[in-house]
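The chain contents come next:
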Amino acid sequence: MAVGVLALQGSFNEHIAALRRLGVKGVEIRKPEQLQSVTSLIIPGGESTTMAKLAEYHNLFPALREFVKMGKPVWGTCAGLIFLADKATGQKSGGQELIGGLDCTVHRNFFGSQIQSFEADLPVPQIADKEGGPPTFRAVFIRAPAILEVGPEVVVLAEIPVSSNKAVDPNPALENTEGSTGSGEKVIVAVKQGNLLATAFHPELTADTRWHSYFLKMVDEVGEGASSSICAVGGEFQKSRTDLPVYQ
């Protein structure tokens, strides 16, 4: 198995190292045609505006959107979460181009500036149930976004109380935003929707590889679903393509 890692900027080397620890090869992706050689993709954390400009320069957005629409597994961490969101708020003037596909609204830099980066123990019952290990995950947040709203098909995997990091005050602009959270309430920081996985934090910066293992299981499940489509030419049995997994 080989997993593509978007390698324009940010922590792509750290993701490749985490995959290597699990015995999986990470393939650096910088051009649209390189996506044809992989069946899954990780979009790493980094500076989202810079990554967007580089992706636009290399004409990657059309290919990335098609990759998502084809139902191939994609995991976005931090800046990668912003890319996958259907809607982003708190952006700079003019905003940035998004890939979309994930039915959510994300707030860019929700947790503040670089100096307000922090670590927190997140309850991750679904990850612990599937991957084992402790019931919490020590998450690293660096200029992190947060998810304000999700659609009905989105499964929430982790939340964090805004007040858990005393250095952080939610952006005042959120007070008048529909679906925003006030101090002391929780915001969503990890979700799954069909073939898409997204985390506001950086699992690749820790020694805990459970999120990478969880994503690899998603890759396996999609592969098994695709291979279950059987076409027996001239035979009595033909399984319809409607039996393939449908991703929202």
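The rules behind each value
Residues numbered from 1 in each chain as written. Predicted model: local features only at pLDDT ≥ 70, side-chain atom pairs only at ≥ 80, totals over all residues. Heavy atoms only, no water. Helix = DSSP H or I, 4+ residues; strand = E, 2+ residues; numbered from the N terminus. Buried < 20%, exposed > 50% of the residue type's maximum accessible area, 1.4 Å probe, protein only. Contact = heavy atoms within 4.5 Å. Areas by Shrake-Rupley, 256 points an atom, 1.4 Å probe, with all protein chains shown as cover. Salt bridge = Lys/Arg side-chain N within 4 Å of Asp/Glu carboxyl O. Polar contact = N/O pair within 3.5 Å; in protein donor to acceptor, adjacent residues only side chain to side chain. pLDDT = per-residue confidence, 0-100. Phe/Tyr/Trp six-rings, centres within 6.5 Å; stacked < 30°, edge-to-face > 60°.

Describing the overall build of the protein chain
Counting its regular elements, the protein chain contains six helices and twelve strands. Here the protein chain holds 248 residues, and 48% of them are scored as buried. Taking all contacts inside the protein chain whose residues are at least 6 apart in sequence as the whole, residues at least 24 apart take part in 69%. As presented, the protein chain carries roughly 11700 Å² of accessible surface, and 50% of it is formed by carbon and sulfur atoms.

Quick notes on the pattern of salt bridges
Counted by the stated rule, this structure contains nine salt bridges. A salt bridge links arginine 210 to aspartate 208; its shortest N-O distance comes to 3.0 Å. Here the salt bridges do not stand alone but share partners, grouping Glu47, Arg108 and Arg143 into one network.

Let's talk about the environment of glycine 23
Topologically, glycine 23 is positioned in the loop between α1 (12–21) and β2 (25–29). For the pair glycine 23 and methionine 1, spaced 22 residues apart in the sequence, the C-alpha separation amounts to 9.0 Å.

Things to note about unusual backbone geometry
For asparagine 109, which is not glycine, the phi dihedral falls at a positive 55 degrees. Within the secondary structure, asparagine 109 sits in the loop between β6 (102–107) and β7 (118–123). For arginine 143, which is not glycine, the phi torsion reads 45 degrees and is therefore positive. A relative accessible area of 27% places arginine 143 in the partly exposed class.

Topic: the environment of threonine 89
Here threonine 89 lies in strand β5 (residues 85–89). The sequence separation of threonine 89 and asparagine 109 amounts to 20 residues, and the corresponding C-alpha distance is 9.5 Å. Once you skip the residues sitting within four places of it in the chain, threonine 89 turns out to touch Thr105, Val106, His107, Arg108 and Leu148.

Focus on the side chain of threonine 206
Topologically, threonine 206 is positioned in the loop between β12 (196–199) and α6 (210–227). Of note is the side chain of threonine 206, whose polar atom sits 3.0 Å from the backbone oxygen of proline 203. Of note is the side chain of threonine 206, whose polar atom sits 3.3 Å from the backbone nitrogen of aspartate 208. Residues within four places of threonine 206 in sequence aside, it is in contact with Arg21, Phe137, Arg138 and Val140.

Details of the confidence of the model for the protein chain
Residues at a pLDDT of 70 or more form 79% of the protein chain, whose mean pLDDT is 84. Predicted confidence for residues 164–183 stays below pLDDT 50, and this span has 25 contacts to residues more than four positions away or in other chains. Every residue in residues 227–248 scores below 50 in pLDDT, and together they form 18 contacts with partners more than four places removed in sequence or on other chains.

Quick word on the packing of aromatic side chains
One pass over the structure, following the stated rule, counts eleven aromatic pairs. With 5.5 Å between their ring centres and 70 degrees between their planes, phenylalanine 201 and tryptophan 211 make a pair best called edge-to-face. Taken as a pair, phenylalanine 201 in the loop between β12 and α6 and tryptophan 211 in helix α6 lie far apart in primary sequence, ten residues in all. The burial state of phenylalanine 201 is the same as that of tryptophan 211; both residues are buried. A connected cluster of aromatic rings, assembled from ring pairs, spans Phe110, Phe111, Phe118, Phe137, Phe141, Phe201, Trp211 and Tyr214.

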